[in-house]
Every structure is written in C-alpha cells, then in structure tokens.
Amino acid sequence: MAVHARAAKRQDGREASRSRRLSLRAILLVLAVVPSIALVTVWAVNSAQLYDNWHSVSNRKAAGSRVALPAVVIFYNLQAERQLSAAALADPAADRTKLAKQRQITDASIKGLQGLSDSAPADIVAHYEEVKRELAQLPGHRKAVDRQAISQQQMINAYSAAIAADLRIFTDFTNVGIARLNVLGQPALDALWGQEALAREDTIFTAGAATGHFSSSQRSKIAELIGYQQHIYNDEVIPLLPRQHAQAYRTIMSSAAWKQKSKAEQTVLGAPVSGTDGRTEVSAQVVAEWRQSVGEVTLQLQQATNAYESQILKTTERELHGLMVTLIVNSSVGALAVLLVLLVSLWFTGVLRRRIFALRSSALELQTRLPDVVERLRRGELVDPDTELPAIRYGTDELGMLGQALNQARSSSLETAVRQVEQYRGFERLLQRIARRTQLLIGMQMKRLGEMERRNEDPEVLEGLFDLDHLAARLRRYEENLVILGGGQPQRRWRKPVLVLDVIRSAQGEVQDYRRIRIETSGRTWLSERAVGPMVHVLAELMENAVMFSKPPTPVEVSATRVGRGLAVEIEDRGLGMEVEQYAEANEMMADPPKMDVMSRSDDARLGLYVVARLAADLGLKVELRPSSFGGTRVVVLVPGELISDEEPFSKTPSSPAPSQLSVVDAPWPGEADHYADHQSYGPDGPHPDGQDAFTRPLIGPWSRPPASAPAPAPAPPSQVNPLPRRVRQASLVPELRVPPPTPTHDDGTPTAPSEPQPPRGQRTEARRAGTTVGAFQRQSRVARNTPDSDHQTTSTSPGPDWDRKDDRR
C-alpha cells in the first residue's frame, strides 16, 4: 500500500505538473501569439480597407460600363423628343411623323436600361429607381402633348425632370470614394449639364420658330440659360479640366459657330416688343442661323465631353490597377511582417519555455526524490541530502531566484521530515516498550493462571480460570498488535514445526465468541516453526473479524486444505459482507501493506487488517477477501509450500521421543489425539456424525501446564505415548438422565451453606462436567509424572505461550 500510495502521489504530481505545463504552454503561447494577433489585426484591417477601395471602384466602373451607355442614349433621346414635342405644341397642324418616330426610339432606349441595376451599388440603385419613376410618367406627358393639354413650360419641366434624374446616375458613377477620381469626374458631369442647358434653349428657339415670335417668359428663360451656360463652362468645367481638354472647350467657345449662336441669342433678346403682350417677332434668317450654329456647337461639345470621359475611364483603369498593386504589396509585406514577428516571438518564448521547463524538471525531480529520501531516513538509513537532492543552480536572474526559493523549500522540507521521522521513530519505540512491558505482565498473569488451574479441581473455579485465561490470551494478541503496528515483531517463538490443526485451534482460542467457529481440516499437515506465531495471529485476527461481523448464532467455518502451491486456509462467515470497492481496497492492502502511521490511523477501525497485511507480507502469505455465497465474506489465506510439510518432522527413537503435537493449551484428554488425527473436525455442535464424542469446549488457555519444577519424564515407547482416554461418568447422558451431583463443598471439604446462592442446574452440570474431566486428566498426569516407569510423556510443541522459559520474552 505504501508503494501504491507513493506511486499514486507521484502520478498525481505528474498530472498536476502536466496541467501546470499545459497552463505554462498556454501562457507562453499567448505571449507569442498576442503580438502576432495585434499585427495580424492591423494587417487585416489595412488589407480589408484596400480591398474595399478596389472593390468599390471596380463595382462602380463595372456598373458604369453597363448603365452609362443606356443612360446617355436616354439623355439625348429625351432631349430630342422634348424639342419635337415643343414644335408640336407650337403648331398643332404640323406633321408629327418625326415626333412619333422619336418616341419609338426613346422607348427602345428605355427598355435597354431595364435590369441593369441588379449588381450595382445601393446609391446607384436608388437613383435608378428614381429614373424609372420619372420615365413611368412619360406616357402621360405624351398624351397631354397630343391633346394640347399642356403648356410649353410644363412640357419642358416634365421632360427636364426625367433628364435631371438620368444625369444623377452619372453623379453616382463618379463618386467612387477616391478623391482624385471624384475631382476628375466632376467637370464631365458639369459639361453634361451645360449640354442640357443648351438643349433647353434650343427647345425654346424651336417653339418660337414654329409660332414666329417669342414671348417675354421665353426670352427671360433664354437669358437665364445663356448665363447658366457661361457659368458652367467658364467656372465649373474649364478651370477643373486638364490643360489639353480645357483648351478644347476654349476653342469651342471661341469658334465661329459659338459666336453665331451668341449673335442669334442677342438678336432675339434685343428685338423690339410688338404688341401689348410683350411678344417679339423673329425672322426666318435668325432661326436658320441659330439652327446651323447650335448643331455645330452641340456636336463639338459632345466630342469634347466624350474625349474627356475616355480619359477618365483610362485614369480609372490606372487607379484600379494601382489599388490592386497596393493591395497585393501591402498584404504581402504585412504577412511577412506578421510571420517575422511570430517567428521571433516563438523563438524568444521557446528559449524562455526551455528554461522554465528545465527548472520545472528540477522541481519535479525534487518532488519525486524527496519522499524516497524521507522514507530512507524513516527506516534509519544514513542519507546525505546534498548528494541525494542536489541544490538547484539556475543563474542569477528571476528564474535563478525561483530556483533559490525551491532550494530553501527543499531545506525546510528535509529539516521538517527529519524531525518528524525522529518523532515518529521515538513514538514507535515508546509504543513497543510499553507493549513489551504489558506483554511481560500478561505472560506472568497467564503463568499464574496456569499454576492455579493445576492446583484446583473444583469445576466452577476451573471454569472461571478458563475464562480469565481466554481473556488473557486475547489481551496478549492485542498487545502484539501494538508491537506490530509500532514496527516490531511478535515474540512468541517455536523451535519445532506444529500441526496445522493445532495452529488453527490455538488461533480459535484467542477469539471472543470461539464457540461459533467450526474447524475442518484434511490430512496431517505441519507448519514451519518460524510461521507458527504469525500464522496464529493472522488466523485469530481473521476469525475475530468473521465472528464480530456476523450475527450470532450463525457459525464461522474454517477449513484447511492442501493445494498445488501450498496450504489454503479458508474462513467464511455469514454476515453482511462488504461493497465491491471495499473488497478491492482490502485486497490491495493485503497485496501491498502500507507503512503504518499509528498516529494518523488512530481512528481507523481496520487496524486488524493492517496487522494481517504486515504479517502476511513478512511470511509471504497471500490473503484475499471475496464475497461469500452465504452473503458474508470469505477469506482465503494461501500458505506457501516452503512453510508446510506432510510428514511428521520428529524422529521416533528412544533418544528423541515423539511428543504430542497438541499443545498443553489445546490438548485433549489422553488418547484423543488419535481421534483428531483420523477425523480432524472440530466444532461446538456436539457429537460428530460418526458417533464419537467431539471435544465440546475449545481449550483456550494454559490451564494444564506441568510445574516448572517437575522432573523430566522418561522416554516411553511410541505405542505408549498416547494412552486411551478415561471414561467420565455420565458424560454421554443427557442432563435429564444424570444422577444429581453430591452436595457442593468448599475448598476445605466443608458443605456449602444452604443460604448461599447456587447457579442454575444446567450451568452447574456443564461446569462440573468440564471441571471433573480436567481434574481427572490432571490427576492422571500427576501420577504419570511422579511414576519413574510411566508410559506417558507430555511435551508441547504447538502454538501457545508454553514455549521454553528462556524464550518467554514478552
């Protein structure tokens, strides 16, 4: 058990160390990974931002490629339809073939815009829905134009709203989240608004040309649009364009066509008012000059805008390529930086981890070897702590300081362990000394009881002496328990082997409720002299447990049988048994007895099992507890073959007389030894099935020892060693048929007074029967000892306290 306990403790220590190692690995891993995680986070955020920029520009470029062309076509078609609608409103009788054809072209362009916003950004989708709502009102505007139910200005405003919604889609295209591209795209949007202003002005000129005059509101609108165009091109477009493209717009605005357009505008604005409604007449020549100049200017503006938009597309491509390159480079450099930091962190933490684990290994070795050193000190060995447990030297840094702290803990542990070992050994010596003295007194008491038993023949007195002898034998065993638990060995010694039956009966005599024990043996087996005392103690402890933990009057069966590996002694009770875990724990204790600490085990109720385990380990016995078929416990004690023999180990020659193998403690009446040799069955249940009277009372104490001063008996022939048993009168009769005993007398022969209380008749009969029998045996033994040529000799070699007086050290 001690080895298992130390192994379990070491296993627990290794598991705790493993858990600490995992925790340390976790800490070191955190130290190595946290910086890397921070760098990975920064790298991931930067890469994500770069990718988001690239993805946004790429999505808007792709959406622009899909939506821009249909939107531009709708832009120009709506302007053309607006101009023709103005002419139709101004002259209802005019041909509307061109207007119908233009409406078909516009509808076709609107169909091309459907379904192009599925993968577009959210803001583009929102403006796309706005364009769809405006275009959905276009059929109503057309009907109003056809019915002449709408004015010129209302028609212009309706178409202009749809064109403005279409232009806002271009605004979303240019807003890609990159400042440079936003700046480059803004002049292109403003140039489109300039073209829209010129187209509105052309619509007003178309309506005036159809009616032959301009109203005051139309002339005001023309003046407003002229100012707006000057602001757009001079302040919003040309200043923000690159030099090459700005020069193209300056060329357009200084061309002859632009000047001719401006001349026509000034002619209309400066024409005299005719009539009270503020109308001004316009000549056909002015309208023709306008149409010629506006056509050339519109074409030039479209060419300039398309050229700049192409430049913007190329710039966007370059920006996308640059964003992709930046994304790849930054991501690659960031990944390399993270990897480098991770490797450096792992290298530093690896160095720290190796140092910490080396220190941990030293501490673990100290933890593993310290209990062994303490155990060796406890056994009394000379141990050099500095050699067995060298000091930990691990530098002068923080880890070295930790090693010094472990050295101090080691020194303190050793000092404490040495003090505890000294205290424990002193306590063991004190316990053994007290137990030895008590054993000496018990031995003297048992010797005195034996003398009193030999001198008295009164049945009642002998019965009381037998009980005292039985109690003294049990007390002797308890004192031996203290000696064994204190590290000592039993002092009872035998010089010759003993019959196994006598060993079992001697153990039975040390049990309190011995009458419940039934003994069964087969054959005549002898036990080695060195195993007699410990075996008696082991069997007595196991029988005591069986009797204590089974309900009276259930019997406890004890059997001894030769087996292939020795002798098996089985003790079986009919109690409640134990749990499976308790059997396993008890068997583990028997297989590996622990180092008994009497101070820590003072409250343990299983001290007898510790004693059995200790004695079994010393003798090499195998003790196993298992459940019984009766519900109790079955104990199997396997005695190894080197401790037993089937042949009687005594030579039967005149120079070496054969002694009786039943001790005086457990001896039957003369001649009964042969009866036990044949049947060897003993129990409290009366006669055996074969009709012979069994010995009905266990012999439990030294009640028939010969006096120390008795002369040595002369050797007798082997055939006369065991005389026949003498008959006891009325012993075979039941109590009802026996003749009443004579009047009881005192020791001096005087009759007992009638007033003195007498025990019940049955108890007196049993006591007198046992006392009379023993008294007769004592008288015959005394005659045999005093007769020189006696044919009987008593020699004890069996278990019991009647070993040689020179070995009577208790």
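This is a predicted model, so every value here is computed, not measured. (Residues numbered from 1 in each chain as written. Predicted model: local features only at pLDDT ≥ 70, side-chain atom pairs only at ≥ 80, totals over all residues. Heavy atoms only, no water.)

Novice: Explanation requested: the confidence of the model for the chain in the structure shown.
Specialist: Low-pLDDT portions of the prediction should not be read for the details of their coordinates. Across the chain, the average pLDDT comes to 75, with 72% of residues at 70 or higher. Predicted confidence for residues 1-5 stays below pLDDT 50, and this span has twelve contacts to residues more than four positions away or in other chains. A low-confidence stretch, residues 788-810 (pLDDT under 50), is modelled with 78 contacts involving residues beyond four sequence positions or located in other chains. (pLDDT = per-residue confidence, 0-100. Contact = heavy atoms within 4.5 Å.)

Novice: Quick question: what am I supposed to make of the nonpolar core here?
Specialist: Soluble globular proteins: nonpolar side chains tend toward being buried together. Counting residues in hydrophobic clusters, the biggest one holds 65 residues, and the most contacted among them are Leu78, Met155, Tyr233 and Tyr249. Ranked by the residues each element gives to this core, the list is headed by helix α6 (residues 179-211), at ten residues. Among residues more than four places away in sequence, those in contact with tyrosine 249 are Ala191, Tyr233, Val237, Ile238, Leu241, Leu301, Ala304 and Thr305. Within the second largest apolar cluster, 52 residues are counted, among which are Ile484, Leu499, Leu539 and Leu625. (Core = buried A, V, L, I, M, F, W, Y, C linked by side-chain atoms within 4.5 Å. Buried < 20%, exposed > 50% of the residue type's maximum accessible area, 1.4 Å probe, protein only. Helix = DSSP H or I, 4+ residues; strand = E, 2+ residues; numbered from the N terminus.)

Novice: I would appreciate a short explanation of the sheet that holds strand β4 (residues 498-499) in the present structure.
Specialist: In a beta sheet, neighbouring strands pair by backbone hydrogen bonds and run either parallel or antiparallel. What the three strands build is an open sheet, ordered β4-β6-β11; its pairing is antiparallel. The sheet is open, and its two edges are formed by β4 and β11 (644-645), each paired on a single side. Summarising the sheet, β4 and strand β6 (residues 526-527) pair through two bridges and their orientation is antiparallel. Bridged to leucine 499 within β6 is tryptophan 526. (Pairing = 2+ DSSP bridges.)

Novice: Whenever I open this one, unusual backbone geometry confuses me. Can you help?
Specialist: Most peptide bonds adopt trans geometry, and most residues besides glycine take a negative phi value. Omega for the peptide link from proline 552 to proline 553 comes to 0 degrees, which places this bond in the cis form. With respect to the helices, strands and loops of the structure, proline 553 is situated in the loop between α15 (529-548) and β7 (556-563). In the Ramachandran plot, glutamine 148 falls in the positive-phi region, its phi being about 60 degrees despite a non-glycine side chain. Looking at the element boundaries, glutamine 148 is found in the loop between α4 (138-146) and α5 (152-174). Exposure remark for glutamine 148: the relative accessible area of 33% places this residue in the partly exposed category.

Novice: Looking at this structure, I do not really get the sheet that holds strand β3 (residues 279-281). What am I missing?
Specialist: Spatially, the three strands line up as an open sheet ordered β1-β3-β2, and their pairing is antiparallel. Each having just a single partner strand, β1 (213-214) and β2 (273-274) make up the two edges of the open sheet. Bridge analysis of β2 against β3 gives two bridges, and the strand direction is antiparallel. Each residue of the ladder has a partner; that of valine 273, found in β3, is threonine 280.

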